[in-house]
Amino acid sequence: MTDPAGPAGPNPRMTKLALAHDFLTQRGGAERVFLTMAETWPGSPILTTVYNPATTYPEFACHEVRTSPLQRIGPLRSNFRAGLPLYPWAFRRLGPVDADVVLSSSTSFAHGI
């Protein structure tokens, strides 16, 4: 007789995933790649320092986007370079993250999550 619950048991644990990107303030290649990641894992929260829906891909609005305290500094949403020294600090403020795995498309600050 086989086990009706299968080999994983009755309640297999689902991996909780979060996605991280440095900033979502423009429409570029990195943002396009990250959007593909977000569409691949649609229930995963997006963690970023600043987010400007008016200047990046509109599809991000369909996702849960969590921003850092830097989001409150309006000029950074249009000139992200002005905040470069603050991004490591900002990503530390985004944690702890309720996820088992954090995927990042970044080569810089988002790794600090």
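Note: the structure precedes this text.
Residues numbered from 1 in each chain as written. Predicted model: local features only at pLDDT ≥ 70, side-chain atom pairs only at ≥ 80, totals over all residues. Heavy atoms only, no water.

A.B. asks: Describe helix α2 (residues 87–94), listing the residues and the values that go with them.
C.D. replies: Looking at α2, one finds that the buried residues are Y87, A90, F91 and L94. For α2, the angular spread of buried residues about the axis comes to 95°, placing them on one side. In this fold, the buried residues of α2 make contact with β2 (46–48) and β3 (65–67). (Buried < 20%, exposed > 50% of the residue type's maximum accessible area, 1.4 Å probe, protein only. Helix = DSSP H or I, 4+ residues; strand = E, 2+ residues; numbered from the N terminus. Arc of directions from axis to C-beta. Contact = heavy atoms within 4.5 Å.)

A.B. asks: Please provide a residue-by-residue account of the sheet that holds strand β1 (residues 17–20), values included.
C.D. replies: A sheet is described by the order of its strands in space; here 4 strands give the open sequence β3-β2-β1-β4, paired in parallel fashion. Single-partner strands in this sheet number two, and they are β3 and β4 (101–104). The average undirected angle you get between the axes of adjacent strands in this sheet is 30°. Bridge count for β1 against β2 is 2 bridges, and the pairing is parallel. Along β2, the bridge assignment pairs A20 with L47. Across the sheet, α2 is in contact with β2 and β3; its angle to β2 comes to roughly 145°. (Pairing = 2+ DSSP bridges. Axes fitted to C-alpha atoms, helices over the stretch in contact; angles between N-to-C directions.)

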